[in-house]
Protein chains: 4
Amino acid sequence: MFFASDNWAGAHEAIAQRLLSASTGFAAAYGNSDLDKKVQARFSEVFERDVAVFFVSTGTAANSLSLASVQRPGGITFCHSEAHVIEDECGAPEFFSNASRLVAVSGEFGKIDPAQLSAKIAGYPEDAVHHGRASAVTITQATEIGTVYSLPEIGEISSIARKRNLPLHMDGARFANALVALGATPAEMTWKRGVDILSFGGTKNGCWCAEAIVFFNPDEAKEMPFIRKRAAQLFSKSRFIAAQFDAYFEEELWLGLARHSNSMADHLRAGIGASNSARLAWPTASNEVFAVITKSAAKTAESRGAKFYEWPIPVSMPELVSDNETLIRLVTSFATTEADVDGFLKCLAA
Amino acid sequence: MFFASDNWAGAHEAIAQRLLSASTGFAAAYGNSDLDKKVQARFSEVFERDVAVFFVSTGTAANSLSLASVQRPGGITFCHSEAHVIEDECGAPEFFSNASRLVAVSGEFGKIDPAQLSAKIAGYPEDAVHHGRASAVTITQATEIGTVYSLPEIGEISSIARKRNLPLHMDGARFANALVALGATPAEMTWKRGVDILSFGGTKNGCWCAEAIVFFNPDEAKEMPFIRKRAAQLFSKSRFIAAQFDAYFEEELWLGLARHSNSMADHLRAGIGASNSARLAWPTASNEVFAVITKSAAKTAESRGAKFYEWPIPVSMPELVSDNETLIRLVTSFATTEADVDGFLKCLAA
Amino acid sequence: MFFASDNWAGAHEAIAQRLLSASTGFAAAYGNSDLDKKVQARFSEVFERDVAVFFVSTGTAANSLSLASVQRPGGITFCHSEAHVIEDECGAPEFFSNASRLVAVSGEFGKIDPAQLSAKIAGYPEDAVHHGRASAVTITQATEIGTVYSLPEIGEISSIARKRNLPLHMDGARFANALVALGATPAEMTWKRGVDILSFGGTKNGCWCAEAIVFFNPDEAKEMPFIRKRAAQLFSKSRFIAAQFDAYFEEELWLGLARHSNSMADHLRAGIGASNSARLAWPTASNEVFAVITKSAAKTAESRGAKFYEWPIPVSMPELVSDNETLIRLVTSFATTEADVDGFLKCLAA
Amino acid sequence: MFFASDNWAGAHEAIAQRLLSASTGFAAAYGNSDLDKKVQARFSEVFERDVAVFFVSTGTAANSLSLASVQRPGGITFCHSEAHVIEDECGAPEFFSNASRLVAVSGEFGKIDPAQLSAKIAGYPEDAVHHGRASAVTITQATEIGTVYSLPEIGEISSIARKRNLPLHMDGARFANALVALGATPAEMTWKRGVDILSFGGTKNGCWCAEAIVFFNPDEAKEMPFIRKRAAQLFSKSRFIAAQFDAYFEEELWLGLARHSNSMADHLRAGIGASNSARLAWPTASNEVFAVITKSAAKTAESRGAKFYEWPIPVSMPELVSDNETLIRLVTSFATTEADVDGFLKCLAA
């Protein structure tokens with residue numbers, strides 16, 4: 001009953017086996033091996049477009065270097081107020097962007113509100129040297145709280161960004177989960193809707209450590225080899241990342257893993273929706289479920305070995321829980337079993 | 001015949017298998033798993049002292065964050081003029097150290113000359129605000145050009161550093177190779193000789209990706225969790241690093257792998273020393289061999305599939321090669337075979 | 001009728017004359033002249049305590065270097081949501097602090113709300129590496145919108161900061177105006193109430209360019225000479241700043257200038273309070289007045305040569321102005337005359 | 001007998017008087033006053049070309065922000081090994097350039113040797129991600145040791161830079177002294193010889209504090225308003241800089257002041273050249289004179305009140321002084337009198 005995070009799982013067997021089989025033999029270092037090149041080409045197929053791909057070690061690195069690549073002096077990146085970049089990366093996005101600033105935009109259910117975004121951007125007129133200047137927008141798909149931007153919602157954000165020539169970055173730490181939730185193609189969910197740079201995460205969906213930065217316009221990636229190297233993110237034995245992605249994309253393994261974890265979340269959602277001692281805090285569509293449960297149910301679950309995090313009450317929902325309740329986050333992964341879910345639901349019923 | 005670099009090898013089978021077996025099951029993320037803790041404790045045993053250990057993704061990260069942890073405004077780190085930090089890390093050490101500066105110190109055979117170091121440090125008196133100020137010293141063991149500091153040599157450097165209260169960092173990307181070359185213990189080659197912080201590299205010696213920063217005084221590591229996280233170097237599935245080190249240290253695998261690669265280098269050294277068409281450029285003691293060979297021998301070797309890099313002529317040895325010769329670097333690894341070495345030596349003889 | 005800002009005035013005659021008389025003769029550079037030392041000692045007298053003083057070129061520099069001196073990796077400085085550091089310094093505080101982050105705290109009338117501050121700080125528990133960590137608090141006295149923290153209010157903020165060992169910085173760009181508004185001594189308004197570091201501004205109160213960073217505990221200033229030099233803020237002919245402060249402090253000129261500008265603001269406040277076509281937007285106590293006036297009155301005033309800025313409607317007061325009204329800021333200075341004020345009030349009456 | 005530095009002088013009377021007369025009246029802040037605009041236009045006249053001008057507070061700021069404006073990730077700026085940027089700015093150039101690196105190029109008499117420059121640049125091939133990449137070249141005119149690049153020498157450096165598309169910056173802290181030494185026009189010594197960005201110093205030549213960054217191609221200055229503001233270098237009462245430059249340029253005052261200080265240096269050079277107890281260390285052409293004098297003569301001079309610095313023996317001239325001698329630097333300024341020079345020469349003769 002491990003629902004603490006999708007990064008508590010190990011690696012999917014197919015990925016682990018591919019690493020094993022890739023471990024023999026010699027190959028050029030620093031991303032120049034045949035396997036590296038094969039996988040880079042595979043990304044272009046997946047996205048139906050020539051893309052530039054850069055492997056990095058963490059999702060924080062992917063986000064931070066993406067934003068660093070579009071940084072400007074005095075620059076400001078707009079993100080949701082609960083975004084991972086502003087809440088959970090210890091200042092890395094600013095650190096790698098030569099101290100560019102993140103400005104939080106509010107919006108329901110973890111998604112940037114377009115009107116709020118327009119208003120915030122308007123607060124930074126083109127030549128207002130004192131305030132700093134609008135430089136980029138970043139959205140998270142799926143969001144930190146389990147929701148998913150629809151394709152038109154992405155398009156709306158990108159058209160606002162476009163008006164001020166702001167590049168649009170997508171934090172796709174849970175890209176696959178959002179993708180299968182929407183039933184969209186990778187192209188549809190990104191560049192066809194105006195996304196310029198993507199943090200493509202594999203770690204949370206069955207890899208050990210496989211994160212990539214994807215530029216949909218490779219010309220805009222010219223600085224990235226230096227940005228990445230200077231950021232200490234250029235792996236020598238880069239093929240160990242490539243091997244993971246190689247297995248990840250094979251026969252659509254990645255989509256299957258995401259479908260599995262989403263379906264385990266569906267199962268949780270259904271069970272909680274039908275429960276007397278718990279309720280869904282807000283609707284989610286990916287592999288994260290937020291539930292309000294009684295404190296006693298939480299204790300019972302923990303005593304039976306369930307792992308999950310209590311979550312801070314969102315500022316926008318001050319009356320979400322009553323005194324004897326608590327808000328919890330449940331995250332499913334490729335490794336979650338139906339038995340885990342049923343076991344947890346039984347705790348609630350106890 | 002792959003002698004381009006030790007990072008062209010994959011992962012040793014025992015390490016790859018351990019990764020496979022670690023891939024199942026759930027475990028706490030961000031370095032808090034049982035396996036992470038077991039391996040952290042193992043480091044303290046290896047070094048015969050309570051140490052603080054931080055896994056990172058690359059040797060550049062290990063060096064850069066080590067130096068960042070001792071950075072001061074206007075700070076200067078002294079390194080050898082051919083050190084990896086100043087030659088091959090694209091400015092990462094300065095980047096992570098809030099623009100602290102590296103100052104090169106010369107010295108024969110890749111090793112800092114103690115008298116030169118003293119003289120350089122003296123150029124930065126304590127309160128000379130214009131020049132900047134001495135902040136740290138870093139040495140590389142084994143060095144970039146295959147040599148190894150003796151234990152007294154390390155002690156001499158550290159005593160110079162100590163006089164000005166400068167912490168001493170050791171870049172141990174090839175730590176194991178140096179260790180077995182000296183026949184020393186890890187403790188003897190580090191803190192017993194005054195080393196404060198170590199970049200402990202496993203990648204070049206049979207791991208996929210296993211680098212660690214080791215603080216011999218854990219009190220001095222208090223900022224490091226934040227420095228590492230902000231540097232985007234905190235792995236979520238950190239146990240995948242731990243698993244590699246777990247196998248690495250088991251039954252002294254790491255020392256065995258280093259002994260193997262050093263012995264392959266010995267074999268190369270012997271063959272080149274005895275050759276008519278090649279000679280050793282300078283004496284080396286670890287898994288790197290530098291040879292002056294005829295350009296035609298180089299071509300022959302390449303045409304037969306040998307991989308190696310031509311190396312720039314050191315400034316201090318302008319007459320090292322004649323017109324029809326070239327300087328090459330040959331690096332052996334855990335995966336180098338006797339047949340590889342013999343094959344290469346045959347190319348020279350051809 | 002120049003009410004755009006107190007930095008539209010030139011320099012007070014006594015200060016300008018002192019510069020003239022200081023221009024002859026030779027003196028040690030970089031802050032080591034006799035005049036520099038005399039003025040540094042004068043600061044200790046003014047603050048009734050041994051202080052360490054560092055001249056810099058702008059208020060932004062004073063704030064940024066103050067905060068840089070207490071920066072920590074992943075660090076967070078708490079400021080009011082309308083503070084100059086977060087609104088009007090183009091990211092300089094983060095830039096000089098190695099990308100430390102500013103977190104906005106709300107509060108009525110430009111002042112940090114203590115409860116909000118406590119709550120925000122609590123969101124960054126000591127060892128929560130992902131969020132970053134609380135590192136400093138900064139307040140502005142007088143505030144950006146003309147209000148003034150009372151002495152007990154400063155004490156309350158500092159006691160909250162103290163609980164987490166956060167140094168407290170005060171942005172005193174309009175220090176003198178706040179001081180005379182409170183009738184307090186410099187000591188009472190700073191270190192006696194828990195302020196650790198002060199940006200002491202002279203520019204807005206009659207100097208050309210005279211800003212100083214004051215450390216109330218000189219031991220905490222040890223890094224500052226290097227921080228300042230590296231920040232390109234060490235003047236060679238530093239005595240030209242010293243000369244300004246020398247005149248500034250002489251016979252309490254600075255307090256007289258602040259009293260004058262505050263009294264001109266009083267005059268404005270009285271006139272606006274009694275006006276039919278204008279009203280005070282909120283109560284202010286220093287040399288800034290915020291008024292809601294009809295758009296037609298604003299046009300009239302501008303056409304008659306009045307200079308002032310329209311001001312954005314505060315988020316917390318969405319209904320402050322009606323459709324035919326606008327919010328304006330009026331700033332008085334040492335150079336404002338009664339005739340200027342009367343002239344402006346006549347515009348309103350027109 | 002003040003020869004310690006030209007920044008030990010105060011301000012020339014014409015400049016000090018202009019500041020006094022500019023101190024009355026109101027004017028737009030942050031560089032938007034009429035006087036600011038007048039002086040900016042004056043720069044374009046002086047340089048016979050439309051230029052973009054940015055006032056800053058120190059020469060270190062001018063150099064650092066100039067280089068920051070052309071920084072690139074992993075970037076390297078080539079400078080002379082004795083340049084002010086690498087020796088005397090406490091790391092500010094790297095700090096403001098997001099940790100870009102300075103690489104020292106040797107050359108006789110303080111001037112970059114063109115062949116050495118070419119060789120150094122060649123060490124950083126275009127796509128060599130590990131080494132970092134060539135990004136800019138900076139020269140100092142007059143140099144740190146009193147020599148002056150001839151116009152063809154500047155052209156030669158710029159043509160080397162041009163081959164790799166590296167912008168050329170000139171540190172003109174003593175621009176006027178070099179200019180009058182060459183008898184060239186400002187245009188001839190800069191953009192007509194390929195200089196792209198200039199640090200134009202007025203402080204050492206009779207101003208209190210007047211430094212400017214000049215872009216000869218204003219299109220390349222688009223980021224500079226934000227770079228400067230974020231660097232805390234945008235003066236509010238900017239006209240106090242403008243007023244100094246206004247007087248500085250009037251009736252060629254600046255050239256007259258430089259001619260005076262150079263002629264005082266000529267007088268020193270002649271006297272030392274004819275002396276028995278001293279000799280010129282190397283030929284200089286501007287307002288700096290380097291002399292080898294007996295230690296006893298140095299003591300005598302100091303005891304009689306002469307101020308000067310002993311200078312480190314250049315690495316390239318190890319046998320410059322004998323045991324009983326010392327190397328000293330003598331700097332003249334607009335305020336140096338013939339009596340000062342004669343007085344000093346008498347000390348030598350004593």
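Everything numeric in this text was worked out from a predicted model, so none of it was measured. (Residues numbered from 1 in each chain as written. Chains lettered and ligands numbered in written order. Predicted model: local features only at pLDDT ≥ 70, side-chain atom pairs only at ≥ 80, totals over all residues.)

1. Regarding the confidence of the model for chain A
Predicted coordinates in regions of low pLDDT should not be interpreted in detail. The predicted model of chain A has a mean per-residue pLDDT of 96, with 100% of residues at 70 or higher. Overall fold confidence for the complex sits at a pTM of 0.97, while the interface term, ipTM, reaches 0.97. (pLDDT = per-residue confidence, 0-100.)

2. Overview of the interface of chain C and chain D
Taken together, the contact pairs 44 residues of chain C with 44 residues of chain D. Breaking the side of chain C that touches chain D down by element, the ones donating at least two residues are α1 (13-22), α3 (59-68), α5 (92-96) and α9 (224-230) of chain C. The leading source of residues in the side of chain C that touches chain D is α1(C), at six residues. Class assignment for the residues of the side of chain C that touches chain D results in 25 nonpolar, 15 polar and four charged. (Contact = placed C-beta atoms within 7 Å. Helix = DSSP H or I, 4+ residues; strand = E, 2+ residues; numbered from the N terminus. Nonpolar A, V, L, I, M, F, W, Y, C, P; charged D, E, K, R; others polar.)

3. Quick notes on the environment of Ala28(D)
Structurally, Ala28(D) is set in the loop between α1 (13-22) and α2 (34-46). Its 19 C-beta neighbours within 10 Å are what place Ala28(D) among the partly exposed residues. Once the C-alpha coordinates of Ala28(D) and Ser236(D) are considered, the two residues, 208 residues apart in sequence, prove to be 8.8 Å apart. The residues contacting Ala28(D), other than those within four sequence positions of it, are Trp8(C) and Ser33(D). (Buried ≥ 20, exposed ≤ 12 C-beta atoms within 10 Å, placed from the backbone.)

4. Side note on the domain arrangement of chain A
Residue and element names in this part refer to chain A. Assigned domains within chain A: domain 1 (11-253) and domain 2 (255-349). On a C-alpha basis, the centroid separation for the pair domain 1 and domain 2 is 28 Å. Domain 1 puts 18 residues into the contact, and the matching count from domain 2 is 16 residues. The dominant element in the side of domain 1 that touches domain 2, judged by the number of residues it contributes, is helix α8 (residues 175-182), at six residues. (Domains from an automatic or database assignment.)

5. Things to note about helix α6 (residues 114-122) of chain C
Residues and elements named next belong to chain C. Listing the buried residues of α6 in full gives Leu-117, Lys-120 and Ile-121. Seen along its axis, α6 keeps its buried residues to an arc of 95°; they face one direction. Pointing more than 90 degrees away from the buried face of α6 are the exposed residues Ala-115, Ala-119 and Ala-122. Those residues of α6 that are buried lie in contact with β2 (75-80), β3 (101-105), β4 (133-140) and α7 (151-163). (Arc of directions from axis to C-beta.)

6. Here we look at the relation of the copies chain B and chain C
Here chain B sits on chain C after a turn of 180° about the axis and a move of 0.0 Å along it, with an RMSD of 0.0 Å. A rotation of that kind, with that shift, is consistent with a two-fold axis. Among all residues of chain B, the minimum C-alpha distance to the rotation axis is found for Asn98(B), at 3.0 Å. (Least-squares fit on C-alpha atoms with pLDDT ≥ 70 in both.)

7. Structural notes on helix α10 (residues 239-249) of chain C
α10(C) sits mainly inside the fold: ten of its eleven residues count as buried. Positive phi shows up at Glu251(C), right after α10(C), with a value of about 50°.

8. Some details on the interface of chain B and chain C
Residue-level contacts link 13 residues of chain B with 13 residues of chain C. Top contributing element to the side of chain B that touches chain C by residue count: helix α9 (residues 224-230) of chain B, with five residues. Of the residues belonging to the side of chain B that touches chain C, the class tally is five nonpolar, three polar and five charged.

9. A look at the pairing of β4(C)
Residue and element names in this part refer to chain C. In terms of residue burial, β4 counts as a mostly covered element, since eight of its eight residues are buried. Alignment of β2 against β4, held across four bridges, turns out to be parallel. For Thr-77, the partnering residue across the bridge sits in β4 and is Ala-136. (Pairing = 2+ DSSP bridges.)

10. Quick word on the packing of helix α8 (residues 175-182) of chain C against helix α11 (residues 253-273) of chain C
Residue and element names in this part refer to chain C. The interhelical angle for the contact between α8 and α11, taken along N-to-C directions, is 80°, at an axis separation of 8 Å. Taken together, the axes of α8 and α11 lie roughly perpendicular to each other. Contacts between α8 and α11 pair Ala-176, Asn-177, Leu-179, Val-180 and Ala-181 from the former with Trp-254, Leu-255, Leu-257, Ala-258, Arg-259, Ser-261 and Asn-262 from the latter. Split into classes, the residues belonging to the contact of α8 with α11 amount to eight nonpolar, three polar and one charged. (Axes fitted to C-alpha atoms, helices over the stretch in contact; angles between N-to-C directions. Parallel < 35°, antiparallel > 145°, perpendicular 65-115°, else oblique.)

11. What about the packing of helix α11 (residues 253-273) of chain B against helix α13 (residues 338-349) of chain B?
Residue and element names in this part refer to chain B. Between α11 and α13, whose axes approach to 10 Å, the crossing angle comes to 20°. The orientation of α11 relative to α13 falls into the category roughly parallel. You can see that α11 and α13 cross each other, and the crossing is right-handed. Contacts between α11 and α13 pair Met-264, His-267, Leu-268 and Gly-271 from the former with Glu-338, Val-341 and Leu-345 from the latter. Each residue belonging to the contact of α11 with α13 can be placed in one class, and the counts come to four nonpolar, two polar and one charged. (Left-handed = near helix turned anticlockwise from the far one by under 90°.)

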